[in-house]
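A structural walkthrough
Letter by letter, the chains look like this.
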Amino acid sequence: MRKINGTIILSILALVISVAVAMLLLFKVEKAPAIDTSSYISIIVTLLGIIVTAVLGWQIYNVIDFREKVKEIGTLKNDYEKLKSNIEESNLDIDIVANQSIAQEYVSKKFYGLAVISYMKALYSLMSKKDINMAMVKIDVIFEYLKLYSSAHFLRDSQFNVREGIEKLDSEIRSHKNYVLIKDRYEHFYKEMFETQK
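First things first, this report covers the structure right here in the doc. (Residues numbered from 1 in each chain as written. Predicted model: local features only at pLDDT ≥ 70, side-chain atom pairs only at ≥ 80, totals over all residues. Heavy atoms only, no water.)

A word on the overall build of the protein chain
Within the protein chain, the regular secondary structure consists of 7 helices and 0 strands. N-terminal to C-terminal, the α/β element order of the protein chain is α-α-α-α-α-α-α. Expressed as a percentage of the 198 residues in the protein chain, the buried residues total 26%. Accessible surface, the protein chain as shown: approximately 14,600 Å² in total, 64% of it carbon and sulfur. (Helix = DSSP H or I, 4+ residues; strand = E, 2+ residues; numbered from the N terminus. Buried < 20%, exposed > 50% of the residue type's maximum accessible area, 1.4 Å probe, protein only. Areas by Shrake-Rupley, 256 points an atom, 1.4 Å probe, with all protein chains shown as cover.)

A word on the environment of Glu192
Tracing the sequence through the fold places Glu192 in helix H7 (residues 183-195). Exposure remark for Glu192: the relative accessible area of 37% places this residue in the partly exposed category. Put simply, Glu192 and Lys147 are 45 residues apart on the chain and 8.5 Å apart in space, counted from C-alpha to C-alpha.

A look at helix H6 (residues 163-174)
In a regular helix each residue adds 1.5 Å, so 12 residues correspond to 16 Å; H6 covers 16 Å between its end C-alpha atoms and thus fits that length. Of the positions making up H6, those classed as buried are Ile166, Leu169, Asp170 and Ile173. One side of H6 carries all its buried residues, which in axial view fall inside an arc of 110 degrees. Every exposed residue of H6 that faces more than 90 degrees away from the buried side is listed here: Glu164 and Lys168. (Expected span 1.5 Å × (residues − 1). Arc of directions from axis to C-beta.)

Some points on the pattern of salt bridges
By the definition in use, this model includes 6 salt bridges. Between Lys129 and Glu89 there is a salt bridge, with its nearest N and O atoms 3.1 Å apart. Of this pair, Lys129 sits in the loop between helix H3 (112-127) and helix H4 (132-149) while Glu89 sits in helix H2 (residues 37-108), and the two are 40 residues apart along the sequence. A residue is classified by how much of its surface remains accessible, and Lys129, at 15% relative accessible area, is buried. For Glu89, a relative accessible area of 17% corresponds to the buried category. A salt bridge links Arg174 to Asp170, with the nearest nitrogen and oxygen atoms 2.7 Å apart. In this pair, Arg174 and Asp170 both sit in helix H6, 4 residues apart, roughly one turn of the helix. Salt bridges here are not isolated pairs; linked through shared partners, they connect Glu89, Asp93 and Lys129. (Salt bridge = Lys/Arg side-chain N within 4 Å of Asp/Glu carboxyl O.)

Examining the environment of Leu126
Secondary-structure assignment places Leu126 in helix H3. Sequence-wise, Leu126 and Leu92 are 34 residues apart; in three dimensions their C-alpha atoms are separated by 7.3 Å. Sequence-distant contacts of Leu126, that is, excluding residues within four places in its chain, are made with Ile96, Ile132, Ala135, Lys138, Ile139 and Ile142. (Contact = heavy atoms within 4.5 Å.)

This is the structure:
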């Protein structure tokens, strides 16, 4: 429903009244009888009825217009939520790719402990993806890299002590809502990583 501007309505009403007055002036109207009290009251009641009808019509129109605006707001809210969700997913994708790239850079410089931390960050981001089934394929790849670079000789040869960083990420991963999906593989990997260093 289109919203009709109030000034247009008033202009049309003024035009109708002007035409009515012009018609009365053009056509000679015989002298009307004197207005007595009962006819005066009936004219007032009629005018009040017209005014009340107009006000009620305006209120009904406003209610319909208000409902449409509420519906529009609901649509905008849904669009906003979708956009927000897409941005969050894109940010996760960027985090995953960035952490994998950083990890590969660390591997090329033989900073294996830092590479493990970057792969764990990528793992955490993958766990946050909405489509966790698609993410599981990438999680499998991350686990292969984690197993490879977290072995004893790699971490021992790493030039940084990274155990504290790994433990911090470990607690974040274990507290993630999707941890149950990777729990067995992750605990096996984590146990092997620190047992082989002893």
